[in-house]
Each structure stands twice: as structure tokens, then as C-alpha cells.
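Chain residues, written in single-letter form:
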Amino acid sequence: MFSFLNGRVCIVLDKLLIKRVQSVLKQLGPVLYCSSKSSSNTNTPVSSTSVTLNNENSSNNTNTNSLFGGIDTASIADYCTDDGELDPILWYNEPSDRETGLQIAKDLHVYEEFLSDDEEKKLCSEIEPYISRLHYEYDHWDNAIHGFRETEKKHWSQENNIIIQRMKDIAFPPGDILLPYVHVLDVAKNGYIKPHIDSTRFCGSIIAGICLLSPCVMKLVHEKNPEKWVKVLLKQRALYIMKGLARYDYTHAILSEEESIFKGAVVPRDRRISIICRNEKQDDDD
């Protein structure tokens, strides 16, 4: 897996794997790696490449190494900084090109394993009794979502309120006024969110979401230049934060089950719940 250490990326490895990795790293240049434990600072976004991505063709490709998410090691340089170090913001996304990946990563942060398994269960237990009574809808007022049900929630149990507050503290600057209701969006296994750009009429510049029950792939495409795109892997229990160009210059979508592919590997989709917080619109958000 990967973690940040003093602003630099570390590949956290079991000692038994170091020799195996060293031979790969010799091909990559001066990439920083260590065998220490990952940082416990939950306020630092980490790469999503620790997820197991099974590439069906990997056994036939001698250049593919599972330690790098199934990416051909010949192309690892595309995911490194000019100094030769692994660039974490290019590891948790799959960009059309490096420049686009860097641009999006400034405005879209992913916090892997933001929730514990127990915290996820507690949130689902509070949501499920109400939302399970709703029917999935297959149209939307602005035609953005297919196969969904949703609600808004203002009051949470004491335990879950601590989790929601932790998300707010990480995602929003001090002094930001947040919308009082938290949006709960339940997308069916066969559901998806179509490409769209968020309206500036209803909320402010930042949106934060926790992913429950299932991973998914988000795809962003530049509105005026569709050749510029980025796929982002949102793992189960991850937190994502979007702002700026990622929201207003790029459309974003949650890919359907058939299109749920990240770095050449299928990401299995299931029913997925998002818990979403937004800040209020400010005068300078236009």
C-alpha cells in the first residue's frame, strides 16, 4: 500500500517483499520506499492503488507487476515526478495524460479507508430503516441519475454524528457555513450517475462524500475538450472531496456496472450509498 510521510510517498512493504520490489524499482529510478508502518494521520489523502485489481491479462504480460495495480512497469515513469519519485496524485487516478491528472488531483482528494468497518455498519444501520422503504427511481429531475433513491438527514445518532463531523472538519475550511441537511444517495447495482456539471444555484464550492457498501469508478471529462479525462477509483469506506476545476470545468459521472473499469481491471459494482455534505453558496462562487 502507499502512504504519505512528510509530504513524500512511501511504499509500505513487508520485509519479505523488499528484494522482489528492489528489482522493479531499479527500472524506475530513485523511487522512495520504506518498510515502516503507514502514517496514522487520517487527515492526509492516500493513494487508492492498494486495492486488489485483477487484470486477466497480467499472467501473459511479463512487464505487469501486481504491486503497481496491474500497470505495465514500462509506463511507471508516467506516474513519477520530474525527480523520479512516485507521484501519489497520479496513482489514485487514471488520466488521459499526466498534465490532466495533476490538474484534477489538485481539486479532487481521496482519503482511502476513511471509515472503519464498524463505522460503516453503524452508518448503514441508521440509514437503512428509512431508505429501504423507498423505491429506486429511473429518472431524475435533471436526468442526471439512473436507478437511485435519496433522502436528506439533519440529525444523527451521537456515534454517527462524530463521523459526520470528522468528514466536515477535513473537507471544509474553518468558518465555512454548511448546508444543514446531509444528502444520502442510494444508487442501485444497475444504477449510475450520468456526466454532469454541478449547478452553482444550490450549494457552494466544495462537496464531500463518504462511499458505503461498494467501490465505484468516477470519470471526469473536460467540458470543452473531451480528450482530457480522468478516472478516479473510489473504494468502499473512502472519503472524496471535490472543488474548483473538478466540479465546474469537468463533467463527472459514476460509471455503470458495465463500464466500471479502472487501469484495465474490472471494479465490481454493487449497491452503493453516498453520504454527502456541501457548503452554502457564497457570493464569489459564481
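Here the structure is shown first, and the text comes after it.
Small disclaimer: the values here were computed from a predicted structure and weren't measured.

## Considerations on the overall build of the protein
Next up, step 1: When its secondary structure is counted, the protein shows six helices and 14 strands.
Next up, step 2: Each of the 286 residues in the protein was classed as buried or not, and the buried ones make up 48%.
Next up, step 3: At a minimum sequence separation of 6, the contacts of the protein that also span at least 24 residues come to 75%.
Next up, step 4: Split by element, the accessible area of the protein, about 14600 Å² in all, is 49% carbon and sulfur.

## Digging into the packing of helix α4 (residues 117-131) against helix α5 (residues 158-171)
Next up, step 1: Across the interface, α4 lies against α5 with an axial gap of 10 Å and an inter-helix angle of 110 degrees. Classified by the interaxial angle, the pair formed by α4 and α5 is roughly perpendicular. Considering the relative orientation of α4 and α5, their crossing is left-handed. Taken together, the residues of α5 that come into contact with α4 (itself represented by E119, K122, L123 and E126) are E159, N160, I163, I164 and R166.
Next up, step 2: Across the contact of α4 with α5, the residue classes tally to three nonpolar, one polar and five charged.

## Some thoughts on the pairing of strand β11 (residues 250-254)
Next up, step 1: Most of β11 is tucked away: five of the five residues are buried.
Next up, step 2: Because side chains alternate across β11, one face comprises the buried residues Y250, H252 and I254, and the other comprises T251 and A253, equally buried.
Next up, step 3: Where strand β6 (residues 182-196) meets β11, two bridges bridge the pair, whose relative direction is antiparallel. Following the sheet pairing, I193 is matched in β11 by I254.
Next up, step 4: Two strands pair when backbone bridges link them, and strand β8 (residues 216-222) and β11 are joined in this way by five bridges, in the antiparallel orientation. Residue pairing in the sheet places V221 in a bridge with T251 of β11.

## What about the nonpolar core?
Next up, step 1: With 25 residues, the main nonpolar core has M167, I210, L212, L239 and I275 as its most contacted residues.
Next up, step 2: Contributing elements (two or more residues each) for this core: α4, α5, β6, β7 (206-212), β10 (239-243) and β14 (272-278).
Next up, step 3: Ranked by residue count, the leading element in this core is α5, at five residues.
Next up, step 4: Contacts of I275, omitting those with residues within four sequence positions, involve L123, I127, W156, I164, M167, V182, H183, A208, G209, I210 and L212.
Next up, step 5: By size, the runner-up hydrophobic cluster in this structure holds 23 residues, among which are F148, C211, V230 and M242.

## A short note on the environment of I127
Next up, step 1: Structurally, I127 can be placed in helix α4.
Next up, step 2: Take I127: its relative accessible area is 4%, and that puts it in the buried class.
Next up, step 3: In this structure the C-alpha to C-alpha distance between I127 and I275, which are 148 residues apart in sequence, comes to 9.8 Å.
Next up, step 4: Beyond its immediate sequence surroundings of up to four residues, I127 is in contact with W156, V184, L212, I273 and I275.

## Thoughts on helix α3 (residues 98-105)
The periodicity of an α-helix, 3.6 residues per turn, causes residues three or four positions apart to be oriented the same way.
Next up, step 1: Looking only at α3, the buried set comprises T100, G101, I104 and A105. The buried side chains of α3 occupy one side of the element, clustering within an arc of 130 degrees when seen end-on.
Next up, step 2: Where α3 begins, one side-chain oxygen reaches toward the backbone nitrogen of E99, 3.3 Å away; that side chain belongs to D97.

## Observations concerning the environment of V217
Next up, step 1: Of note, V217 is situated in strand β8.
Next up, step 2: Spatially, the C-alpha atom of V217 lies 5.8 Å from that of S260, the residues being 43 residues apart in sequence.
Next up, step 3: Apart from the residues lying within four places of it in its own chain, the contact partners of V217 are K231, V232, L233, A253, I254, L255, S260, I261, F262 and V267.

## Description of a negative patch on the surface
Next up, step 1: A contiguous patch of negative charge on the surface is contributed by E137, D139, E150 and E152.
Next up, step 2: Note on placement: D139 falls in the loop between α4 and β5 (145-153).
Next up, step 3: The exposure class of D139 is exposed, given its relative accessible area of 52%.

## With respect to the packing of aromatic side chains
Next up, step 1: Summed over the entire model, instances satisfying the criterion amount to zero aromatic pairs.
Next up, step 2: Across from the ring centre of F114, 4.4 Å away, lies the NZ or CZ of R166, which sits over that ring.

## Comments concerning the pairing of β14
Along a regular strand, successive side chains alternate from one face of the sheet to the other.
Next up, step 1: Counting buried positions along β14 gives six out of seven residues, so the element sits mostly inside the fold.
Next up, step 2: Sheet topology note: the β6/β14 ladder contains five bridges and is antiparallel. Within β14, the position partnered with V184 by the bridge is I275.
Next up, step 3: Note: β7 against β14, six bridges, orientation antiparallel. Bridge assignment links L212 to a residue of β14, and that residue is I273.

Cut-offs applied
Residues numbered from 1 in each chain as written. Predicted model: local features only at pLDDT ≥ 70, side-chain atom pairs only at ≥ 80, totals over all residues. Heavy atoms only, no water. Helix = DSSP H or I, 4+ residues; strand = E, 2+ residues; numbered from the N terminus. Buried < 20%, exposed > 50% of the residue type's maximum accessible area, 1.4 Å probe, protein only. Contact = heavy atoms within 4.5 Å. Areas by Shrake-Rupley, 256 points an atom, 1.4 Å probe, with all protein chains shown as cover. Axes fitted to C-alpha atoms, helices over the stretch in contact; angles between N-to-C directions. Parallel < 35°, antiparallel > 145°, perpendicular 65-115°, else oblique. Left-handed = near helix turned anticlockwise from the far one by under 90°. Nonpolar A, V, L, I, M, F, W, Y, C, P; charged D, E, K, R; others polar. Pairing = 2+ DSSP bridges. Core = buried A, V, L, I, M, F, W, Y, C linked by side-chain atoms within 4.5 Å. Arc of directions from axis to C-beta. Polar contact = N/O pair within 3.5 Å; in protein donor to acceptor, adjacent residues only side chain to side chain. Patch = residues over 30% accessible without salt bridge, like charges linked within 9 Å, V, L, I, M, F, W, Y side chains within 5 Å. Salt bridge = Lys/Arg side-chain N within 4 Å of Asp/Glu carboxyl O. Lys, Arg positive; Asp, Glu negative; His and termini not counted. Charge placed at Lys NZ, Arg CZ, Asp CG, Glu CD. Phe/Tyr/Trp six-rings, centres within 6.5 Å; stacked < 30°, edge-to-face > 60°. Lys NZ or Arg CZ within 6 Å of the ring centre and 35° of its normal.

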